[in-house]
Every structure is written in structure tokens, then in C-alpha cells.
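Okay, here's what each chain looks like letter by letter:
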Amino acid sequence: MLHVNNISKAFATGRRRIKVLKDISFYVEKGEIVALKGKSGSGKTTLLNCCCGLESPDSGKVICSGIDLKTLSAGQLSRFLRTKTGFVFQQGNLLSYLTVSENISFPLHLNGEKANNIKSRVSELLAIIGMEEAKHALPSGLSGGETLRVSVARALSHKPEMLFADEPTASLDTATGKSVLSLIRDLSRMQKSTVVFSTHDPELLSMADRVLELKDGELKE
Amino acid sequence: MVTNLIFILKTAIKFLARSWRATFVLAFMIFISVATLIFLSALATGTNDAMIRNSVGLYSGNIQRMNLPDSLRPEALEIKGVKHVLVRKACPGILKKDDHIETILLTGIDSEKEKKATGLYKKTIKGKYLSGKEKEIYIGQILAKKLDLDIDSRLYFQKGLESVPVEFTVSGIFKTGIGGFDDEIAFCNLKDLPEEVLVWNAAIFLEEGKKPQAIIAEYEKITNSRGEFLAWYDLMPDLKQLTDLNQVCMDILTVIVFAIVAVGVACAFVIFILKNLREYGILKTMGLSPGLMAFFIMAKVTILNLFAALSGVVAGALLCWWLSGSGIDISQMTSHNKYFVISGIIYPRLTAGSLLAPPILAFVLSSAAALWPMMIVLRSNVAKILRNR
């Protein structure tokens, strides 16, 4: 499903060039849930970004859902992101001007789903995340946990093959974080999505099928 | 594709409606500029109208024709679009009082009709306008001073030194502030002209908004002549130049104001978009293509501009409509201005140009101003945007 092959990435800070990822390779099976563990600044976000094509590695190759991301044009990359992937951000990052149901339906609209399908899919997801009552609420009125649940529903609404989650529980307490990760796990299992999430919370690692650790830019399994 | 565009358009509307504070601040700048410029443009048109109305309405009329034969009746010139046709007969000669002598042009007029069409009677500073009594004369202030005349003074008019002097009584003294008028012309009733004058001059006053060219073309057909009927702008080229200059200044001002507004709007959009850059990053992550992203930004800007410009048009038009009834009295500033000799009141008037140019210019320039922030969004790296949290 996701094949990362010898990727390296460095950033320039002033005159210095810091190597964030050093020759990293790993493989994620279809339907697998993989946790990416590492301290703050270890390169987890950069690795996730490289895996979904938001960032290009300096060297190496990423093949996601059978597509070599290096070969994609800007338009093709947008199409890939729109159809094949979902992304959950640390703070949820809902679109502030859209209601809960509009946020969830956004990827479905972008993928040209029919209005009836969108309506039933949004209702289904609202029921799963337990937020039917808040479907007309704007993100500003939601708690951190609720925001993350909506964000998960939005990321999985179009049933992507891959779900990337960048420290989705970092801004939550452990209990709420666990409930959000359970939601990610249950929903992705339900629709057979592959998940790669990053975290530095050891308590959440047990929810993954496999844990990869990033240390000094190198990967340890 | 069309479904996507409609969806993005709806999202843009939701964005503007739900971020109403930011929308209001951005729209306000365009709204105020459009409303102000529509009003200023209408005011410029109103000022031009007032100068023309004053200059034409004092005496000369919109169209003049000299030396028409007596065989041509004034009624023949009363065609559609014409309000008044005034008959005037001029007789050059000298005015005498005691030892004082002045050369003048004595003009015979129909005082009743003149009063209805011209504003000269309003400039009476002493006595009264011609009333139709026998042997009255209405003279300018400078002439009265030169001849040492006052109301009811008696004086004599002679066509030449050999002619028989005809006695007149001063009915009134006027002051227009225009040299040629106050000094060189005197008026009497048509029937009191000392000698029969076989040709007449026509002063033609048109209905509001009528253009002289069309009427002149008709007259040339009626009189089988060419180039002898003169419009006000041929008679007063200085006034024509002044109104043209006024219009050009207004056009330049409009462009300058909107160039400044466009820069302001561009800066505001950049700040606005940079503030929300993370949301654009999220949209990119969700797979919004560069084309749809550009459409999303342009849709927001276009809707905002359209809304602001149309609101500005309504506000500007309402302001003009409100002031067009009472007018704006600037008499204090025009008391020595020959183009405001009858009235110093300006009535703002909307024209198609003054109503359409500001919103079109605002719309085009403000939309162009959105290209810069749009490029910022399109060229920014998603990973970088998302990393800077």
C-alpha cells in the first residue's frame, strides 16, 4: 500500500543544512495501522508529508497506492490527495467558515459525489462520531475533542485508501486522545483504510498494529 | 467540473457571509470609494449644468441666430424640444444725458417673454425690469455710472448724430458682473425701438436635456441655411473648455482614487489571505486543485467586489437623488463668477457614465488586486504552511 524507499530530506537553516530524514525505507500493508513514534523535532511530520506527497524527498522514492508520487504534476497530486488520501491534523484544522456537516461533506463534494450519497454519508458519519446534534455548529463552538472527531470524519468521509494523522492527539488529554484514536482505528478498519499516524505519547502506541521509531533522522522498528 | 465550480462558489459565499467582519472591512473601502466617486461625478456634471444653465439662461439661450428676415415668423422655430423662441432686434446708437454720451447697442425685447425664459431680470439692483410701459430703458450698472443715471432719469437715444433723439426713462439698473453686458447693452420694449429694424435675432431656449445639434439640424432644414445657427458652445468656447476640463479632472480623479483603492485592497487581501493561509494549506491537503483554488479566491474577491460596488452605486445614487431636489448652495463662493451669474445652486445629476464608471473601475481594479494574494497562495508550499503553526 505504502512503499517508502531510501528517502532522505534536509532543510537549510541559515548556512547550516540539517538532515532530517536519512535514508529511510519501510513498507505498510493494506489495512495496517502504523504508529510513527519520535521526540518533537525528530522528523515525524516531514516523513508523513513525504509519504502523502505534500513534500518531496531530496532522494528516494515514495509509492503510495501504486503511484510514484515523484511523477505527479501539481494537478495530478491534487487529484491523488483528493481521492486516495485523508489527513488529520494536530488541532483538527476544520474550515472555520463551514459547519460540522459541511466540513465532513467537503471532500465528498470535491470528489463529485451525488447530493443523496453525500447526505446519507454525512448522516452516517455524524452518527458514528456522535455529533448529530452539532451538525449545524461552526468549529468555533466545538471542544478540542469534538473538533478532532469531526476532523477524523472529514478525513475518512470519501473512504480514502490511506489516512495520515499528524499527532492527532497532541492537543488532547490522554482519555480524549484515546477515544479519537479509537475512532480512527474503528472507522479505518470499517472501510479498510491504511493508517499512518505520528505521536510522542507512549500510551497511544498500543493502538497501532506496528510502531516505527524515528531517532536522529533514522528509522528503527 | 461544473458541479465543483458551483460547490466552490457556494463555499466562497459561505466564507464571505460567515467571516462577515472581515468581509465588511474589505467591502467598506470599495463601497465608500464607489459611492463617493458617483456623488463627485454627479456633482461635477451638476456643476457643468449649473454653469451652462447660468450662462445660457442669463440671456443668450442654447442656440442663437442673427439677422433673420422679418418674413420668417418666430413660430416657425418653435419645434419639438424647443421651450422658448425670443425675438430681439438690435439697434446701435448713442445714449445721451446732459453732456455725457456713450455708444451702445439698444436691444428691443418682449419683456414678458424674456422674463419667462431668461434670468436677466433677477440681476436688477435698482428699480425694476421692463414692464411694457412706453419708452422704458433697462441699463447696466457701469453704463448708468458713466452717464450718471438713476431710476426715472431721462435720457436720449440717437441712432446717429443726424437722427432725431428719442427720450427714454430708466426703469431699472442691472448688474451681471459681465463687462459686455453692464457696459454696452441697453434694453427697451420692441415697440419702442426708434427706427424700424427689418431683421431680428433669435434666442432659442431648449427643453432640459435636449442637445442643440439636433435642433440646429432641423432649423437648417427650415431656413435652408448652413452654419448660421450657433449653439452655446460655439458662442462661449471658454465655457465649453471649462466644462470639458472639469470632466477630464473628474475622470483623472476617478482613476487615481481607484488606483489607490486597488493598492489598498490588494494589501488588505494579502493580509487577509496570509492570516488565513493555514486554511488554504488545509484545502490543498484535501486535494483542491490549483485551478479550483484560484477560482475559490477569485470567486470570493469577485462576489465581495460586486456586493461592495453595487452597494456603493445604490448609496451614491441615493445621495445624489436626495441632493438633486434641494441642490447644494455655493452662492458664497460664486458671487463674483460669471458662470454662476443667476444662481449658485448646484444640482448633482447622474449620467450613465457617472453611475457606471466608478463601479466598473472598482470591480476591475479590485479584482486585479486579488491576483497578487492569489499568486502567494498558489505558490506557497503546503508543508511549509502547515509546519508554521
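Residues numbered from 1 in each chain as written. Chains lettered and ligands numbered in written order. Predicted model: local features only at pLDDT ≥ 70, side-chain atom pairs only at ≥ 80, totals over all residues. Heavy atoms only, no water.

What about the overall build of chain B?
Counting its secondary structure elements, chain B contains 14 helices and 12 strands. The C-alpha radius of gyration computed for chain B amounts to 32 Å, which surpasses the reference 21 Å derived for 389 residues by more than 25%, pointing to a less compact arrangement than a globule. Taken along the three principal axes of its C-alpha coordinates, chain B extends 105 × 45 × 25 Å. Residues classed as buried in chain B amount to 49% of the 389 residues present. Across chain B, the centroid of the 43 positively charged side chains sits 21 Å from that of the 34 negatively charged ones. (Helix = DSSP H or I, 4+ residues; strand = E, 2+ residues; numbered from the N terminus. Rg over C-alpha atoms; globule rule 2.2 N^0.38 Å. Buried < 20%, exposed > 50% of the residue type's maximum accessible area, 1.4 Å probe, protein only. Lys, Arg positive; Asp, Glu negative; His and termini not counted. Charge placed at Lys NZ, Arg CZ, Asp CG, Glu CD.)

Some thoughts on the sheet that holds strand 1 (residues 2-13) of chain A
All names here are of chain A. Read across the open sheet, the four strands follow the order 2-1-4-5; overall the sheet is antiparallel. Strands with a single pairing partner mark the edges of an open sheet, and in this sheet they are strand 2 (16-28) and strand 5 (67-68). Examined bridge by bridge, strand 1 and strand 2 share nine bridges and lie antiparallel to one another. Bridge pairing in strand 2 places L2 opposite V28. In the packing of helix 1 (residues 44-52) onto the sheet, contacts are made with strand 1, strand 2 and strand 4 (59-64), and the angle to strand 2 comes to roughly 55 degrees. (Pairing = 2+ DSSP bridges. Contact = heavy atoms within 4.5 Å. Axes fitted to C-alpha atoms, helices over the stretch in contact; angles between N-to-C directions.)

Some points on the interface of chain A and chain B
On the chain B side, the residues contacting the 29 residues of chain A number 27 residues. Together, the buried faces of chain A and chain B total about 2500 Å²; carbon and sulfur atoms form 62% of this surface. Summed over the shared surface of chain A and chain B, the result is two salt bridges. Among the salt bridges present, the one from A:E102 reaches B:R18, with a minimum N-O distance of 2.5 Å. (Buried area = accessible area lost by both parts, 1.4 Å probe. Salt bridge = Lys/Arg side-chain N within 4 Å of Asp/Glu carboxyl O.)

Side note on the confidence of the model for chain B
Residue and element names in this part refer to chain B. Summarising the model, chain B shows a mean pLDDT of 88, and 99% of its residues fall at 70 or more. Averaged pLDDT values for the elements of chain B fall to 80 in helix 14 (residues 382-387) and rise to 95 in strand 5 (residues 136-140). Confidence metrics for the complex model read pTM 0.76 and ipTM 0.90. (pLDDT = per-residue confidence, 0-100.)

So, the nonpolar core
Counting residues in hydrophobic clusters, the biggest one holds 84 residues, and the most contacted among them are A:L2, A:F26, A:L47, A:F164 and B:L283. Beyond its immediate stretch of four places on either side in the chain, A:L2 contacts A:F26, A:Y27, A:V28, A:C51, A:V62, A:I63, A:C64, A:M162, A:F164 and A:V196. Grouped together as the second largest cluster of nonpolar side chains are 35 residues, A:V122, A:L126, A:L142 and A:A165 included. (Core = buried A, V, L, I, M, F, W, Y, C linked by side-chain atoms within 4.5 Å.)

Here we look at the side chain of B:S225
All names here are of chain B. The topology assignment puts S225 in the loop between helix 6 (212-223) and strand 10 (230-231). Looking at S225, its side chain comes within polar contact range of the side chain of R65, at 3.5 Å. At 2.7 Å, the side chain of S225 and the side chain of T223 are in polar contact. Sequence-distant contacts of S225, defined by excluding residues within four places in its chain, comprise R65 and E220. (Polar contact = N/O pair within 3.5 Å; in protein donor to acceptor, adjacent residues only side chain to side chain.)

Considering the environment of A:E29
Residue and element names in this part refer to chain A. Residue placement: E29 occurs in the loop between strand 2 and strand 3 (33-37). The class for E29 is partly exposed, based on a relative accessible area of 47%. Separated by 18 residues in sequence, E29 and L47 have C-alpha atoms that sit 17 Å apart. Excluding residues within four positions of it along the chain, E29 makes contact with M1 and T194.

A word on the packing of aromatic side chains
All told, the structure shown has 17 aromatic pairs over all chains when counted by the stated rule. Seen in terms of ring centroids, A:F106 and B:F7 are 5.0 Å apart; in terms of plane orientation they differ by 65 degrees. Their pairing is edge-to-face. Taken as a pair, A:F106 in helix 3 (residues 100-110) and B:F7 in helix 1 (residues 2-18) lie in two separate chains rather than in one. A residue is classified by how much of its surface remains accessible, and A:F106, at 1% relative accessible area, is buried. Measuring from centroid to centroid gives 4.9 Å for B:Y138 and B:F174, while their planes differ by 40 degrees, and the two rings are tilted. (Phe/Tyr/Trp six-rings, centres within 6.5 Å; stacked < 30°, edge-to-face > 60°.)

Topic: the side chain of B:E279
As for its position among the elements, B:E279 is in helix 9 (residues 277-285). For the buried B:E279, no salt bridge is present, and the opposite-charge side chain at shortest range is B:K300, 6.7 Å distant. Once residues lying within four places of it in the same chain are set aside, the contact partners of B:E279 are A:L94, A:L95, A:S96 and A:Y97.

Digging into helix 2 (residues 20-60) of chain B
Each turn of an α-helix holds 3.6 residues, which means side chains three or four residues apart point in the same direction. Residue and element names in this part refer to chain B. Taking 1.5 Å per residue, 41 residues should reach 60 Å; helix 2 reaches 56 Å between its end C-alpha atoms and fits that length. Along helix 2, the sharpest change in direction is near 30 degrees and occurs at A27. Count one or two residues on from helix 2 and you reach G61, which has phi positive near 85 degrees. (Expected span 1.5 Å × (residues − 1). Bend = angle between axes of the 7 residues up to and from the residue.)

Description of unusual backbone geometry
Positive phi values are uncommon outside glycine, yet A:D23 reaches one of about 50 degrees. Examined against the element boundaries, A:D23 turns out to sit in strand 2. We note that B:D148 has phi near 55 degrees; this positive angle belongs to a residue other than glycine. B:D148 sits in the exposed class, given a relative accessible area of 53%.

Description of the confidence of the model for chain A
Any segment with low pLDDT has predicted coordinates that should not be analysed in fine detail. Across chain A, the average pLDDT comes to 90, with 100% of residues at or above 70. Within chain A, no element has a lower average pLDDT than strand 10 (residues 218-220) of chain A, which sits at 82, and none a higher one than helix 3 of chain A, at 95.

Some details on helix 6 (residues 174-190) of chain A
Residue and element names in this part refer to chain A. The terminal C-alpha atoms of helix 6, which comprises 17 residues, lie 24 Å apart, in line with the 24 Å expected from a rise of 1.5 Å per residue. Listed as buried for helix 6 are G177, V180, L181, S182, L183, I184, L187 and S188. If you follow the buried residues of helix 6, they end up packed against strand 3, helix 4 (115-129), helix 5 (144-156), strand 7 (162-166) and strand 8 (194-199). Immediately beyond the C-terminal end of helix 6, within one or two residues, lies K192, with a positive phi of roughly 55 degrees.

Concerning the pairing of strand 3 (residues 100-109) of chain B
Residues and elements named next belong to chain B. Across 10 bridges, strand 2 (residues 82-97) lies against strand 3 in antiparallel orientation. Along strand 3, the bridge assignment pairs C91 with L106. Between strand 2 and strand 3, which pair antiparallel in sequence order, lie two residues; one of them, D98, sits at a positive phi of approximately 55 degrees. In this structure, strand 3 lies alongside strand 8 (residues 185-189), joined through five bridges in parallel fashion. Looking at the pairing, I109 lines up with N189 of strand 8.

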